[in-house]
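# Residue-level structural notes
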Amino acid sequence: MESVEGVARTLLSFGRLSRGLPFGRAHGLSSRDPLLPLAPRSQENADPQRTAFLLRKQWTLYSVTPLYRFSNAHLRDYARLLSAFIAAEKQKGLAVEVGVELDIKVAVSSLPYLKGSDQDQAAILVQLSSRSPASPKNSEEKLIWSGWFCCVSGDDISKNVPEDFTCLPLFLVNGAECYTSIVGSWFQKTFDCSFRRLAISPLILSWMAAMWTGCKVDKTASAIELVFSVPCLPQPLDISYAIHPEDAKALWDTVQKTPGEIIQEEVDVFMDCLYSHFHRHFRIHLSATKLVKVSTAIASAHCDGIIKFLQSQYLTGVLMLLTELAISQIE
Amino acid sequence: MASWMFVLSNSKLITQFSVQILQPLLSCVVPWLDGCWYCSWVTTQRHGNLGSYYRASHLATSLPLPPERDHLRPRIDLVAFMIDIKSKYSLKNVEASLAYVDDSFFLGKVCFLVTGVGRVNCCSVEMNAIQNLGEVYCSPVLFCELEVEGSQVATAQRLLRMLEICAGHVPGVSALSFSSLMRNCADD
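Described below are features of the structure shown in this document.

Parameters at a glance
- Residues numbered from 1 in each chain as written.
- Chains lettered and ligands numbered in written order.
- Predicted model: local features only at pLDDT ≥ 70, side-chain atom pairs only at ≥ 80, totals over all residues.
- Heavy atoms only, no water.
- Helix = DSSP H or I, 4+ residues; strand = E, 2+ residues; numbered from the N terminus.
- Buried < 20%, exposed > 50% of the residue type's maximum accessible area, 1.4 Å probe, protein only.
- Contact = heavy atoms within 4.5 Å.
- Areas by Shrake-Rupley, 256 points an atom, 1.4 Å probe, with all protein chains shown as cover.
- Axes fitted to C-alpha atoms, helices over the stretch in contact; angles between N-to-C directions.
- Parallel < 35°, antiparallel > 145°, perpendicular 65-115°, else oblique.
- Nonpolar A, V, L, I, M, F, W, Y, C, P; charged D, E, K, R; others polar.
- Phe/Tyr/Trp six-rings, centres within 6.5 Å; stacked < 30°, edge-to-face > 60°.
- Salt bridge = Lys/Arg side-chain N within 4 Å of Asp/Glu carboxyl O.
- Pairing = 2+ DSSP bridges.
- Right-handed = clockwise from strand over helix to strand, strands pointing away.
- Disulfide = S-S within 2.5 Å.
- Left-handed = near helix turned anticlockwise from the far one by under 90°.

### Some details on the overall build of chain B
A count of helices and strands for chain B gives five helices and six strands. When the helices and strands of chain B are listed from N to C terminus, the series reads β-α-β-β-β-α-β-α-β-α-α. Across the 188 residues that make up chain B, the buried fraction comes to 53%. Contacts in chain B between residues far apart in sequence, at least 24 positions, make up 74% of those at least 6 positions apart. Here chain B has roughly 8800 Å² of accessible surface; of this, 56% comes from carbon and sulfur atoms.

Rendered as structure tokens:
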């Protein structure tokens, strides 16, 4: 049981959200400390077409420790080695889908535009596509699995790491779990790294709700939806609370004092307003339940570590927050 | 889990049986629905040479306690406020209840018991808020995980030790030492 480490990790993970200020690890933050702008800012120069394939898909999050002796120049070799590994796993009978003979092709590419600062490593995309041998030779290959490593504004970890290591702390996966475990074990064997599911605590989810509500969206935004899971009941009960986006934004605008900066107190006030409104109508204290999912027009996040990006202009901003969460889990 | 407050009171010596009695008390989980729940029980220990021992624990979900039973209530030596890290509501409840505690208790007779710290991924309460609470009220904050049996016993033992000191049964140590210990830690 990790009681004390658990506490320390919570302290650390919250402390990391406000990096940029000089503070020691042993001390938490007082809630009045302002944070550097972490709310995702709209990226006008991002090319929406290049990132379109990342949107509106459910990505499962993992944190990855630094990779040893990984090089951007050898991506083709990695693809070749990985496809050989997958074929070997299939031979062993450990994979993948019973009864279906699939010819799996691996493509590893770099996404240089997905980074926060110049010190960041370019994102690496791994895609598994398949073509059934029964279909004609020139038929389209179907994408069956994709995963990408990225690091957006991960300066804190990349400057502390020795020479041969590459920092790509965030790994996002879309596809079947069997392929995830095969690709993951290949990376673990080849680069001596380790993967861990990244869970998002209700505290962080409420931060995301507040931050993303405040973001400006061009088109008509969808409703802000919060899903709560009620503990200690014989049957599981989920409460879904949907708020009109303009009302939510108006509420957040009255709460937030300095544009571009968010402090814990403002998030607390915002959430308390929502909870007390709900209590007035339904006599249920949402603050006693567990916040499990937050959906806004920018993105939607689930506490099991599942994220869906909905707006390309805020993609980097959300990735920056997720990178920070991944780094705090690694440390 | 709704917040619940655990009020400890002791008027005589504590024996080692108290751990076995305290443990099931700490392990009962109060339902989360809002509602007052007040329970008290008194148990008598075996009569030894020093006379009979009494020990009582009172639990309530929030303060102020109902005035009807004021005359039956014994002297209270220690007040323990329970905060569940998974429930923001418990923190709010404790903060509201603190207003009803007499000032003299804050000289070492109040402590905060924070449970649920084994599950980092479920935390809804910010650690800083709890640390601030401990600092503002000059009271120790104990972390535990009451859903784990080992931690229950350890926490019960710690609370009982504090209770012994607060009731004045440990010669040379008074409840005031808790506040001065806290101040020393903060300065470090």
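### A word on the overall build of chain A
A count of helical and extended segments in chain A gives nine helices and 13 strands. Expressed as a percentage of its 331 residues, the buried residues of chain A come to 48%. Partitioning the contacts of chain A with sequence separation of at least 6, the portion at a separation of at least 24 is 69%. Summed over its atoms, the accessible surface of chain A is roughly 16000 Å², and 51% of this surface lies on carbon and sulfur atoms.

### Quick notes on the packing of helix α6 (residues 202-213) of chain A against helix α8 (residues 264-282) of chain A
Residues and elements named next belong to chain A. Across the interface, α6 lies against α8 with an axial gap of 10 Å and an inter-helix angle of 85 degrees. With respect to each other, α6 and α8 are oriented roughly perpendicular. Between α6 and α8, the contacting residues are Leu203, Ser206, Trp207, Ala209, Ala210 and Thr213 on the first element and Gln264, Val267, Phe270 and Met271 on the second. Residues belonging to the contact of α6 with α8 are distributed by class as follows: seven nonpolar, three polar and no charged.

### Thoughts on the packing of aromatic side chains
Residue and element names in this part refer to chain A. In this structure the tally under the stated criterion is 23 aromatic pairs over all chains. Here the aromatic rings of Trp148 and Phe309 are separated by 6.4 Å at their centres, their planes lie at 50 degrees, and the arrangement is tilted. Here Phe309 lies in strand β13 (residues 306-309) and Trp148 lies in strand β5 (residues 142-150), a separation of 161 residues in the sequence. In this structure, Trp148 and Phe309 share a single accessibility class: buried.

### Looking at the pattern of salt bridges
On inspection of all chains with the given rule, the structure shows eight salt bridges over all chains. Where Lys105(A) meets Glu141(A), a salt bridge forms, and the shortest distance between an N and an O atom there is 4.0 Å. Residue Lys105(A) is located in strand β3 (residues 103-111), and its partner Glu141(A) is located in the loop between β4 (123-131) and β5; the two are separated by 36 residues in the primary sequence. Taking the shortest distance from any N to any O, the salt bridge between Lys86(B) and Asp84(B) comes out at 3.8 Å.

### A short note on the pairing of strand β4 (residues 78-84) of chain B
All names here are of chain B. With seven of seven residues buried, β4 lies mostly within the body of the structure. Across the two faces of β4 the burial is the same, with Leu78, Ala80, Met82 and Asp84 and Val79, Phe81 and Ile83 all buried. Pairing analysis gives six bridges linking β4 to strand β5 (residues 110-115), with the strands arranged parallel. Bridge pairing in β5 links Ala80 to Cys111. In this view, the connection linking β4 to its parallel neighbour β5 by way of helix α2 (residues 88-98) has right-handed handedness.

### A look at the state of the cysteines
Inspection of every chain in the model, using the stated rule, returns zero disulfides over all chains. With no disulfide partner, Cys167(A) has as its closest neighbouring cysteine sulfur the one in Cys151(A), 6.4 Å distant. For Cys167(A), a relative accessible area of 4% translates into the label buried. We note that Cys303(A) lacks a disulfide partner, and the nearest cysteine sulfur, in Cys122(B), lies 7.3 Å from it.

### With respect to the packing of α2(B) against helix α3 (residues 127-136) of chain B
Residues and elements named next belong to chain B. Interhelical geometry of α2 versus α3 gives an angle of 15 degrees and a closest axis separation of 12 Å. Taken together, α2 and α3 sit at an angle that is classed as roughly parallel. Remark: the crossing between α2 and α3 carries left-handed chirality. In this structure, α2 contributes Leu91, Val94, Glu95 and Leu98 to the contact, and α3 contributes Ala129, Ile130 and Leu133. Broken down by class, the residue content of the contact of α2 with α3 amounts to six nonpolar, no polar and one charged.

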